[in-house]
Amino acid sequence: MCGIFGCICSSAPRVIADGLKRLEYRGYDSVGIAVISGGRLLLEKDKGMIDPFVRRVDPSRISAEIGIGHTRWATHGAPCKENAHPHLDCTGTIAVAHNGVLENFLEIKEGLLKRGHRFASNTDTEVIPHLIEEGIRDGLSLKSATARAAKMIKGAMAIAVLSSALPDSIVCMKRESPLAIGIGKKGAYCASDVPALLPYTDMIMQLQDDQVAVISRGQVAVETIAGKPVKPRFIKIEWEAGVAEKGGYPHFMLKEMHEQPIAMRSTLKLPHGFLDRASRMMEGRVYLTGSGTSYHACLASSYAFSKMLCMDIRPVYSSEFQDLVCDLEGNTVIGVSQSGETADTLSALRYAKSRGAKVIGITNTLASSITSLSDTYICTQGGPEIGVAATKTFLTQLIALDQLMLRAGLNAGRLPEGVASGLLASLNGVPSLAEGVIRRSEGIRPIAQKYSSRRSAYFLARGINVATAMEGALKLKELSYMHAEGYPAGESKHGPISLVEGDFLCVFVAPRDSSRGRVIGNMMEMKARGARIFAVVTEGDDELKSIADDTFEVPPVPEFLNPVVCTIPLQAFAYYVAVLRGLDPDKPRNLAKSVTVL
Ligand code: M6R
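Here is a short report on the structure shown in this document. (Residues numbered from 1 in each chain as written. Predicted model: local features only at pLDDT ≥ 70, side-chain atom pairs only at ≥ 80, totals over all residues. Heavy atoms only, no water.)

1. Section: empty space enclosed by the protein
- This model, assessed by the stated rule, comprises five cavities of 30 Å³ or more.
- Roughly 180 Å³ of volume is contained in the largest cavity.
- Tallied by class, the residues present in the lining of the largest cavity amount to seven nonpolar, eight polar and five charged.
- Split by domain, the residues of the lining of the largest cavity number at least three in each of domain 1 (3-244) and domain 2 (246-415). (1 Å grid on protein atoms, 1.4 Å probe; cavity = no way out; pocket = protein on both sides within 12 Å on 5 of 7 lines; lining within 4 Å. Points joined across faces, edges and corners; volume = space filled by probe spheres on them. Nonpolar A, V, L, I, M, F, W, Y, C, P; charged D, E, K, R; others polar. Domains from an automatic or database assignment.)

Next comes the structure, spelled out in structure tokens:
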């Protein structure tokens, strides 16, 4: 977690504050900036979110052309002013902003304390400026001292280092946690992710693991921490900065839900070469892995592969992968991640690779750790997603996985051409159908109003829509803090039904598909015990409309596409419940957009 932003440009403090605002979704429990002003290092930091900090500090009044900033999601040490980044060395001339978790900081700290260093926080990060201080004292440059510190430290670290002794450069280092560098006409920048850089430049490079970079105006010099020079590779990022702003919607989440049709259309334009290469790489046993919403995309896809191609593909939570999967040599793992930086997913993929599996990455972030690690990748075209809730990235993941499934079916001879082209036509048509669903999704608001004070809800379905139900439950709980559980409807009678009594909310995903009859049976069981039923049903399904208390209709689509149209009303339900409860759906408590810790 945590966001780092650094820059060398005019009005640096204001630019840093702006950059941190764009990174706020990565964590928002404390904030700080360090700049060099009049030859001296100036530090401002505090507990809390960026807006009150900016109002209090007013960065625009500070004259500086270089600086670094940090927005924090606490791992070591409570969210308080002392633990906010940047952290300083004993001389107060070196400042470090860090994203990641250091594993051996306690033993390093012990040594530093014995050697007389004074610590001001409880963070793991603070050992870094002190180690760099020692390097400088030993006659090393800032870059070499940073590299030496990185060699001593175990764990994930993306850092930006500022020193008043080197007032025109920022030194960066990366391991596991992400760090992007951008060079623009007006300055040089570094940030934890690409959208934060887009207002200033579209020429971006991702620092790779164990590389250190020295950024100065108009240039960047990169080498490994072992001192081997590396040629910086910049790529042009096509996203527009404006795309990452709210565009008139009250929340990023709502804006991003409305962007889903465009995002899906863009994902449908994926170059065939990428899909073909990925599908031909799917050899041996195939596993799908991801976390949170991305895991739900994996789950839906495993049903689609089974139903359409009679191919068993095993979905595995990334956080459980190493404990569950051992047979990897010659097999294939598909890692799905919006950010391409989720630590659980990265760790599962590294493990798979180290045991001889081929890795296919499906991510929304072209220059990400997962794309670098993968043997081949497919880049979904969701564009930047700022809201913590994964919305358009979920639907684009489904679209990418569906395309991969159809391509794999054709290549493996499991899908006749005629059938595949019919299914592809349906897939191409789904963004327009989704557009209609989104247009009507405000109709969910009164339903959300009716149930917004409930304490708990079950989300139920069978077949591929178990993934949809689980996704609906995740959205509701993460945004509205209402307890919600998604599971296969047939499982109710094995335990969960004991909770059901008068007025208990059961949300059913029940489009017309091969499981509808059995779902109706499960609905009746819940109804008989007094549950209130809100069901997502196919247009014109009068039978279900007469059974459920509330319904939302979606257009008929082939079974494998139901998760696309049925997820939208559940996103809207979670969004409106959160808003009606007075919560900010873009920034749910205790969460961050990119989960870069294990
Ligand atoms: O970037 P990723 O797709 O790897 O992120 C995975 C999860 O952290 C993410 O989907 C999370 O569950 C969302 N907050 C759900 O809305």
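Picking up where we left off.
2. Quick word on the packing of aromatic side chains
- Summed over the entire model, instances satisfying the criterion amount to ten aromatic pairs.
- A centroid spacing of 5.0 Å and a plane angle of 20 degrees characterise the contact between Tyr-189 and Tyr-200, whose relative ring orientation is stacked. Of this pair, Tyr-189 sits in strand β10 (residues 188-191) while Tyr-200 is found in the loop between β10 and β11 (203-206), placing the two residues eleven residues apart along the sequence.
- Its relative accessible area of 3% is what places Tyr-189 among the buried residues.
- Grouping aromatic residues by their ring pairs yields a cluster made of Phe-5, Tyr-189 and Tyr-200. (Phe/Tyr/Trp six-rings, centres within 6.5 Å; stacked < 30°, edge-to-face > 60°. Helix = DSSP H or I, 4+ residues; strand = E, 2+ residues; numbered from the N terminus. Buried < 20%, exposed > 50% of the residue type's maximum accessible area, 1.4 Å probe, protein only.)

3. Description of the nonpolar core
- Core analysis: the largest hydrophobic core is formed by 85 residues, its most contacted members being Met-282, Ile-334, Phe-459, Leu-476, Phe-534 and Phe-573.
- Take this core: its biggest share by element is twelve residues, from helix α19 (residues 562-580).
- When residues no more than four places from it in sequence are discounted, the contact partners of Leu-476 are Ala-457, Phe-459, Tyr-481, Met-482, Ala-484, Phe-573, Ala-574 and Val-577. (Core = buried A, V, L, I, M, F, W, Y, C linked by side-chain atoms within 4.5 Å. Contact = heavy atoms within 4.5 Å.)

4. Observations regarding the pattern of salt bridges
- Considering all chains together, one arrives at 34 salt bridges under this definition.
- The salt bridge involving Asp-327 is made with Arg-285; its shortest N-O contact spans 2.9 Å. With Asp-327 in the loop between α10 (321-324) and β18 (332-337) and Arg-285 in the loop between α8 (272-281) and β16 (286-290), the pair connects residues that are 42 residues apart, well separated along the chain.
- Put simply, Lys-545 and Glu-553 hold a salt bridge, and the shortest N to O gap is 3.1 Å.
- Here Lys-545 falls in the partly exposed class, since its relative accessible area comes to 33%.
- Take Glu-553: its relative accessible area is 23%, and that puts it in the partly exposed class.
- Because the salt bridges share partners, they merge into one network encompassing Lys-21, Glu-24, Asp-51, Asp-584 and Lys-587. (Salt bridge = Lys/Arg side-chain N within 4 Å of Asp/Glu carboxyl O.)

5. Describing the side chain of Ser-480
- Mapped onto the elements, Ser-480 comes out in helix α16 (residues 465-480).
- A polar contact of 2.6 Å, which involves the side chain of Ser-480, links it to the backbone oxygen of Leu-476.
- Excluding its chain neighbours within four sequence positions, the residues that come into contact with Ser-480 are Val-577, Ala-578, Arg-581 and Leu-583. (Polar contact = N/O pair within 3.5 Å; in protein donor to acceptor, adjacent residues only side chain to side chain.)

6. Some words on the site of the ligand
- Ser-294, Ser-337, Gln-338, Thr-342 and Glu-478 are the nearest of the 15 residues found near the ligand.
- Contact distances for the ligand include 2.6 Å between an oxygen atom and a backbone N or O atom of Gln-338.
- A distance of 2.4 Å is found between an oxygen atom of the ligand and a side-chain nitrogen or oxygen belonging to Glu-478.
- For the ligand, whose accessible area on its own is 420 Å², the fraction buried by protein is 91%.
- Among the secondary structure elements, those contributing two or more residues to the shell around the ligand are α9 (292-309) and α16. (Near = heavy atom within 4 Å. Areas by Shrake-Rupley, 256 points an atom, 1.4 Å probe, with all protein chains shown as cover.)

7. Considerations on the sheet that holds strand β22 (residues 483-488)
- In space, the five strands of this open sheet follow the order β22-β21-β23-β24-β25, with parallel pairing throughout. Looking at which strands have only one partner, the edges of the open sheet turn out to be β22 and β25 (550-554). When strand polarity is set aside, the average angle formed by the axes of neighbouring strands in this sheet is 15 degrees.
- Across six bridges, the pairing between strand β21 (residues 456-461) and β22 is parallel. Of the residues in β22, the one forming a bridge with Tyr-458 is Glu-485. (Pairing = 2+ DSSP bridges. Axes fitted to C-alpha atoms, helices over the stretch in contact; angles between N-to-C directions.)

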